[in-house]
Amino acid sequence: MSEPLLRVQDLRVHFDTEDGVVKAADGLSYELQRGQVLGIVGESGSGKSVSSLTIMGLSRAENARISGSVVFDGRDMLSLAAEQMRAVRGNEIAMIFQDPLSSLHPFYRVGDQLVEAIHAHHDVPRGAALDRALELLEMVGIPEPKRRVRAYPHEFSGGMRQRVMIAMALANEPKLLIADEPTTALDVTVQAQILDLIRRLKDELGMAVIIITHDLGIVAEMADEIAVMYAGRIVERGPTERIFAAPEHPYTWGLLGSIPRLDAPAGSELVPIPGRPPSLIDLPGGCSFHPRCPYVQPRHREQQPLLEPVPGGRGHAVACLLEHETRARLWRSLQRGAVPEQARASVLAEDAPDG
Amino acid sequence: MAENLVEVRDLVKHFPLTQGVVLRRRIGAVHAVDGVSFDVRRGETLGIVGETGCGKSTTARLMLRLLDPTSGTIGFDGEDITSAAGARMKALRREMQMIFQDPYSSLNPRQSVGSIIAEPFAIHRLHSGEGERRRAVQELMEQVGLNPEHFNRYPHEFSGGQRQRIGVARAIALRPKLIVADEPVSALDVSIQAQILNLLRALQRDLGLTIVFIAHDLSVVRHMCDRILVMYLGKIVESASSDELYHHARHPYSGALLSAVPLADPRAAAARRRQILSGDVPSPTDPPPACRFHTRCPRAVTGRCDVDEPLLGPKPGGGLAACHFPLEDDARTALPAR
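The structure displayed is predicted, hence computed values, not measured ones.

### With respect to the overall build of chain A
Secondary structure assignment for chain A yields 13 helices and 12 strands. Whereas a compact globule of 355 residues would reach a radius of gyration of roughly 20 Å, chain A reaches 22 Å, a difference of no more than 12%. If you line up chain A on its principal axes, its C-alpha atoms span 75 × 50 × 45 Å. Out of the 355 residues in chain A, the part that is buried amounts to 46%. Partitioning the intrachain contacts of chain A with sequence separation of at least 6 by distance along the chain shows that 63% fall at a separation of at least 24.

Okay, here's the thing in structure tokens:
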């Protein structure tokens, strides 16, 4: 395979705080090919946003300690000077956020803000930039762009504002678009429009996309590959099909069991994950998921699992200390409708005590 | 005992829009709820689903008499409570309780959890002995899955999911007949959401509660509810059993809403037919005439849907829909069977 557009290796982002060290990202590794969509899923506090902020050079706080490497299109992003970073940010990599209202300046016309985004990276006459702004608004499906280009952000609805944000992100035809919870603030029919728009523009412009979300449905529909994050680490990563058809990590099983599904038969039960996610300051020893894991073994409290390829998994990797065979049997048992305790009893009892 | 616990008829709520500080001229109204009628049967979970501005939360607040309706009537347990007041209203409040969306802002940060949960007892002068009240509170905490020893702690010491459990304990403290839950899990993480949904289901089973469950998330509503009302811009556009709605949605808006929900299954997601609506929900200050959905509806017929308002009427399959051109079985937004 050709050189990936983005390669993140062993990225660690730790923040020193009064209460202790917050390990927001603790050894993240992933790759993204050109034109592909990577979905990063996780709950609040899983560290799903921090790696992308670091790629963008947005987590360079005084108390941040960053190590590892981030190579984007042949450049090491972590060693770029601020000025070089500015040339990449908003140009080759663009980002859209959850709340479009707070990402737009309330005092400036939308057209002027788009022109500014273009001028930040290209020295073109104002007329040409304005033409481009109109073209962008048209491309993201804003009706009457000639009139809307003179409007202020408050005159737009939530969905329209997110379209403006996307237009701004695409102003310089980035190679990578990072979308951090892009539709969380929107209604479901508007969310469908925005996801459709991102999908269409990705195909037209051939850009790669990282979509960060808590919604498994969104990654199922959008992503080619998925990384599941828990407590600052990637616990499972692989092609979307595989993550849903043959997930290997007990946390992923827990997430899939927790969501009410529109297409589930009536009366089906949810299987929540007990407890709650750990604080990033005070991570449990061994496997971070062990206090909530129904299949925990004594040694899981001591040993930290590494993200390792699943046998025959074609890009599927998991950080779990259970054997692959055991995991497969547990998942089959859950698939047949067993609750975690039953699955544990039927599968793990057959193994040696420390299986 | 009548079959229906709540009977809502022709309920209307308009919030006036005014201009000017001194004279406050009335320049219009937000048509939050515009002629809504429905029943809540004893022991069922009724879902109200819809997008921002559809009037679902206003409807809930009107039912509980937290807002006064512009017109229409609300019947509760066989009695017209539309204009109940004073001692009568206070007695009614014992029978109907609410669970709110945001477990952070719905709990007083300066009150211990024990006194938050005991407040309904204080208001209604129940369990007056200190020891007795504490026992009742601890029993409730146990019932909703909180550690009873934590009754002296303050809300900030609890996580979002635990705070929502506190809200649930407070709501069930007086053994109400009706609980209205307004987006009770939308502020919570996925793994915690499931815990609260399971708790609500278990409590309903154990206490024989009637629940009105309001949410924008169709998958959550389908999971929780026996029947579902779909609202759009202050009107009910469809009313059907949960299964019926999911398998045979009749109103094009319900169909679009169903097809907009992302499915956590790549194969099912790829196989289904999508119906992406254009535009945003229009403003409730100036809703479109006749059928309010006609501006976004893929089936709208000019000269009919923009002139003649469709009424909520029976449709094949047993549900009610307000549409001149309802979806047929084969035209429904197909969600493949699992």
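There's more to say after this.
### Re the sheet that holds strand β4 (residues 71–76) of chain B
Residue and element names in this part refer to chain B. The four strands lie next to each other as β2-β1-β4-β5, forming an open sheet whose pairing is antiparallel. In this open sheet, the two edge strands, each paired with only one partner strand, are β2 (25–41) and β5 (79–80). Looking at chain direction, strand β1 (residues 4–19) and β4 are connected through five bridges and run antiparallel. Bridging from a neighbouring strand, Val6 pairs with Phe76 of β4.

### Looking at the confidence of the model for chain B
Interpretation of this model should avoid reading the predicted coordinates in detail wherever pLDDT is low. All names here are of chain B. The predicted model of chain B averages 91 in pLDDT, with 97% of residues at 70 or higher. Within chain B, no element has a lower average pLDDT than helix α10 (residues 266–271), which sits at 86, and none a higher one than strand β3 (residues 45–49), at 97. Low pLDDT (under 50) marks residues 331–338, which in the prediction has 21 contacts with non-local residues, meaning those over four places away or in another chain.

### Some thoughts on the pairing of β1 of chain B
All names here are of chain B. Sheet topology places β1 next to β2; 13 bridges connect them, and they run antiparallel. In the sheet register, Pro16 faces β2, and the bridge partner there is Ala29. In textbook terms, the turn of a hairpin is the stretch between consecutive antiparallel strands, and for β1 and β2 this stretch comprises five residues, one of which, Gly20, has a positive phi near 90°.

### Side note on the environment of Pro288 of chain B
Tracing the chain through its elements places Pro288 of chain B in the loop between α10 and β11 (313–314). Excluding its chain neighbours within four sequence positions, the residues that come into contact with Pro288 of chain B are Pro282, His294 and Thr295 of chain B.

Conventions we followed
Residues numbered from 1 in each chain as written. Chains lettered and ligands numbered in written order. Predicted model: local features only at pLDDT ≥ 70, side-chain atom pairs only at ≥ 80, totals over all residues. Helix = DSSP H or I, 4+ residues; strand = E, 2+ residues; numbered from the N terminus. Rg over C-alpha atoms; globule rule 2.2 N^0.38 Å. Buried ≥ 20, exposed ≤ 12 C-beta atoms within 10 Å, placed from the backbone. Contact = placed C-beta atoms within 7 Å. Pairing = 2+ DSSP bridges. pLDDT = per-residue confidence, 0-100.

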